[in-house]
Amino acid sequence: MERVDVAIVGGGPAGSAAAHAAASAGAETLLLEKGVPRADREGLGPDSTDAAGILDYWVDIMGIHPDEFDEGVVQRELNRAEFRGPSESATLYSTGIDSSYDTFGYTFQRARFDDWMRERAENAGAEYRVGESVRGVETDLDAATGTDGNETPTGGNERAEEGSSGPRHVLQLASGGTVGADFLVLADGPQRTVTNRVLDEYLPEGAGGSDRLAPPEANHIAYQEYRRVPEEVFAEFDDAIVFWWGVIPGETAYPWIFPNEDRLCRIGLTMPIGMDIDAFDAAEYELLDADDESIPSGGEYIRRLLEWQFGDEYDIETEFPLVEEAGKRGGTETYPISSTRPIDSPTEAGIAVVGGAMGTTSAFHEGGDHVAVRTGAIAGELAASGDLAAYNRRWKEAIGDEVVRNVTMADMVAEYGPADWDRVIGAADAMLAADTGDGLLAQPYRSGWESLKLLLGYKWNKRKTKRDYVTISEDEYVY
């Protein structure tokens, strides 16, 4: 049986960050990535794609400055975000959160970012093995690996005392082989194909582990297309990310446009899975038609968005062509997004769950790479030290405020319809117009009653959320 100190399941940003941190600290580290093909990547790689944009303060959360990236990773520097409702709009030029990064944010090419993260981990000494799936994990909680017999961490690169049992974890590979590891980092993304099975072993019978980890009503699907747009259109979006709220039905459902290089834009949307068209009044939503018999597909939504915004001036099919060599396949890609509420990890079993697998991807704004990298780095560092006990405290210290913001906003807007979005976007626009430079919520009393209600509602819900934003807490695990 192959033996390593730290085994990592999943090669996206969280897994690669964990591998880099563990190997940098001297641990013998193996990352296992099943690998999928993409049109814009040579060879196989991770499947964890998203809209690929980073805001200024996310740079500090992630802990990697874009100046470190290889050429071509960063696509466009941003100076604003636009929020458009059915008839109202607001433009944000500052997040209002202190940051070491000078501009509003940037967009990046996700496959190149993943490849850069892989190379970074390999340069630190980790083995990144592609094309190897993990079928299951067996854990021996009595194994003494990673300690000196007195439960004192020995460091990830040292073996347990002669004669002590081990390894703690045995990974069963689809190829038929096995890998033994002292510590296990689960970074298999929002689908949690391995994580669900592993964590069920540590949750009491009847606790509904997998159902709580992947509730259908809380999960979303995202779809995006890579389209070359006319020069005049690209000039409108080349330094901005744009979101439309209240134009498609569903909790935190919205289309977007993100700019890349060479007049290429990623045009996509996020929406919950399993919606029933009969639950909505089509007349209320700009991108629904009265004769729709079901919720439109992602591709149909994008066509309607482009026709709505640009159809009076352009022939969408010929002047907004799909770029087939981009994305996963044929200029398109579809990917899952988990709920915005994260989970603690069963650290007493030597297991850390990171990134999308722990539920850090936000359905509200879809951002997840920055928190994935940070949680992976924390887990890798602690695994290499021989003790994961501090992991659940450390990730809350690092990303807890960000998660609370996301959960609070998602909960506040869960039942919003088009009229609600116009109301709050209009209130936000008034607050921005009255702002004195201290952030979006600095002077709400100058911008009207709706602005004040928005501020007070956010603060009230944030305090409530902060007390309970974890789906599965550490004390629920049984060892």
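Please refer to the structure placed before this passage.
Residues numbered from 1 in each chain as written. Predicted model: local features only at pLDDT ≥ 70, side-chain atom pairs only at ≥ 80, totals over all residues. Heavy atoms only, no water.

**Here's the deal with the pairing of strand 2 (residues 29-33)**
With 5 of 5 residues buried, strand 2 lies mostly within the body of the structure. Looking at chain direction, strand 1 (residues 2-9) and strand 2 are connected through 4 bridges and run parallel. If you follow V6 over to strand 2, its bridge partner there is T29. Traced from strand 1 through helix 1 (residues 13-24) to strand 2, the parallel crossover comes out right-handed. (Buried < 20%, exposed > 50% of the residue type's maximum accessible area, 1.4 Å probe, protein only. Helix = DSSP H or I, 4+ residues; strand = E, 2+ residues; numbered from the N terminus. Pairing = 2+ DSSP bridges. Right-handed = clockwise from strand over helix to strand, strands pointing away.)

**A short note on the sheet that holds strand 15 (residues 264-272)**
Read across the open sheet, the 7 strands follow the order 6-5-13-14-15-12-16; overall the sheet is mixed. At either margin of the open sheet sits one strand with a lone partner, and together these are strand 6 (89-92) and strand 16 (332-337). The sheet shows a mean angle of 20° between the axes of neighbouring strands, direction not considered. Sheet topology note: the strand 14 (residues 254-259)/strand 15 ladder contains 6 bridges and is antiparallel. Across the sheet, the residue bridging to Y254 is T270, located in strand 15. Packing of helix 7 (residues 298-310) onto the sheet brings it into contact with strand 5 (80-84), strand 12 (220-228), strand 13 (240-244), strand 14 and strand 15, and relative to strand 15 it is tilted by some 120°. (Axes fitted to C-alpha atoms, helices over the stretch in contact; angles between N-to-C directions. Contact = heavy atoms within 4.5 Å.)

**A look at a positive patch on the surface**
Judged by side-chain charge, K459, R463, K464 and R467 come together as a positively charged surface patch. Assignment of secondary structure puts K464 in helix 12 (residues 449-466). (Patch = residues over 30% accessible without salt bridge, like charges linked within 9 Å, V, L, I, M, F, W, Y side chains within 5 Å. Areas by Shrake-Rupley, 256 points an atom, 1.4 Å probe, with all protein chains shown as cover. Salt bridge = Lys/Arg side-chain N within 4 Å of Asp/Glu carboxyl O. Lys, Arg positive; Asp, Glu negative; His and termini not counted. Charge placed at Lys NZ, Arg CZ, Asp CG, Glu CD.)

**Side note on the sheet that holds strand 7 (residues 105-108)**
Strands sit in the order 3-7-4 across an open sheet of 3 strands; the sheet is antiparallel. Either end of the sheet is taken by a strand with one partner, and the two such strands are strand 3 (53-55) and strand 4 (74-78). Each adjacent strand pair in this sheet contributes to an overall mean axis angle of 20°, direction not counted. In terms of strand pairing, strand 3 meets strand 7 through 3 bridges, oriented antiparallel. Paired with G53 across the bridge in strand 7 is T107.

**Considerations on the nonpolar core**
Where a protein is soluble and globular, its nonpolar side chains tend to be buried together. Grouped together as the largest cluster of nonpolar side chains are 101 residues, with contacts concentrated most on L171 and Y391. Sequence-distant contacts of Y391, that is, excluding residues within four places in its chain, are made with S345, T347, A352, V353, V354, M358, T375, I378, A379 and L382. Counting residues in hydrophobic clusters, the runner-up holds 30 residues, among them V233, A240, A282 and I295. (Core = buried A, V, L, I, M, F, W, Y, C linked by side-chain atoms within 4.5 Å.)

**Describing the environment of D98**
Within the secondary structure layout, D98 lies in the loop between strand 6 and strand 7. Spatially, the C-alpha atoms of D98 and D60 are 9.4 Å apart, while their sequence positions differ by 38 residues. Not counting chain neighbours up to four residues away, the residues in contact with D98 comprise Y57 and D60.

**Comments concerning the side chain of R84**
Looking at the secondary structure, you find R84 in strand 5. On the basis of relative accessibility, which here comes to 15%, the residue R84 falls in the buried class. Looking at R84, its side chain comes within polar contact range of the side chain of E82, at 2.7 Å. For R84, the contacting residues outside a window of four places in its chain are S89, E236, F237, V242, F243, W244, W245, Q309 and I425. (Polar contact = N/O pair within 3.5 Å; in protein donor to acceptor, adjacent residues only side chain to side chain.)

**A look at the pairing of strand 7**
One face of the sheet, then the other: side chains in a regular strand alternate in exactly this way. Judged by which residues are buried, strand 7 turns out to be covered on both faces: G105 and T107 on one side and Y106 and F108 on the other are all buried. In the sheet, strand 4 pairs with strand 7 via 4 bridges, with the strands oriented antiparallel. Residue pairing for strand 7: E77 is matched across the bridge by Y106.

**Examining the side chain of E225**
Among the structural elements, E225 can be located in strand 12. Reaching out from E225, the side chain makes a polar contact with the side chain of Y223 at a distance of 2.6 Å. A polar contact of 2.8 Å, which involves the side chain of E225, links it to the side chain of R227.

**Some remarks on the packing of aromatic side chains**
Evaluation of the coordinates by the stated rule reveals 21 aromatic pairs. Seen in terms of ring centroids, F237 and F310 are 6.1 Å apart; in terms of plane orientation they differ by 85°. Their pairing is edge-to-face. Remark: F310 occurs in helix 7 and F237 occurs in helix 6 (residues 231-237); sequence separation between them is 73 residues. We classify F310 as buried; its relative accessible area is 7%. Three or more aromatic residues link up through ring pairs in this structure, and these residues are F83, F243, W245, Y254, W256, F258, Y416 and W421. Sitting over the ring of F183, R168 keeps its end group 5.2 Å from the ring centre. Against the face of Y416 rests R423, its NZ or CZ located 5.8 Å from the ring centre. (Phe/Tyr/Trp six-rings, centres within 6.5 Å; stacked < 30°, edge-to-face > 60°. Lys NZ or Arg CZ within 6 Å of the ring centre and 35° of its normal.)

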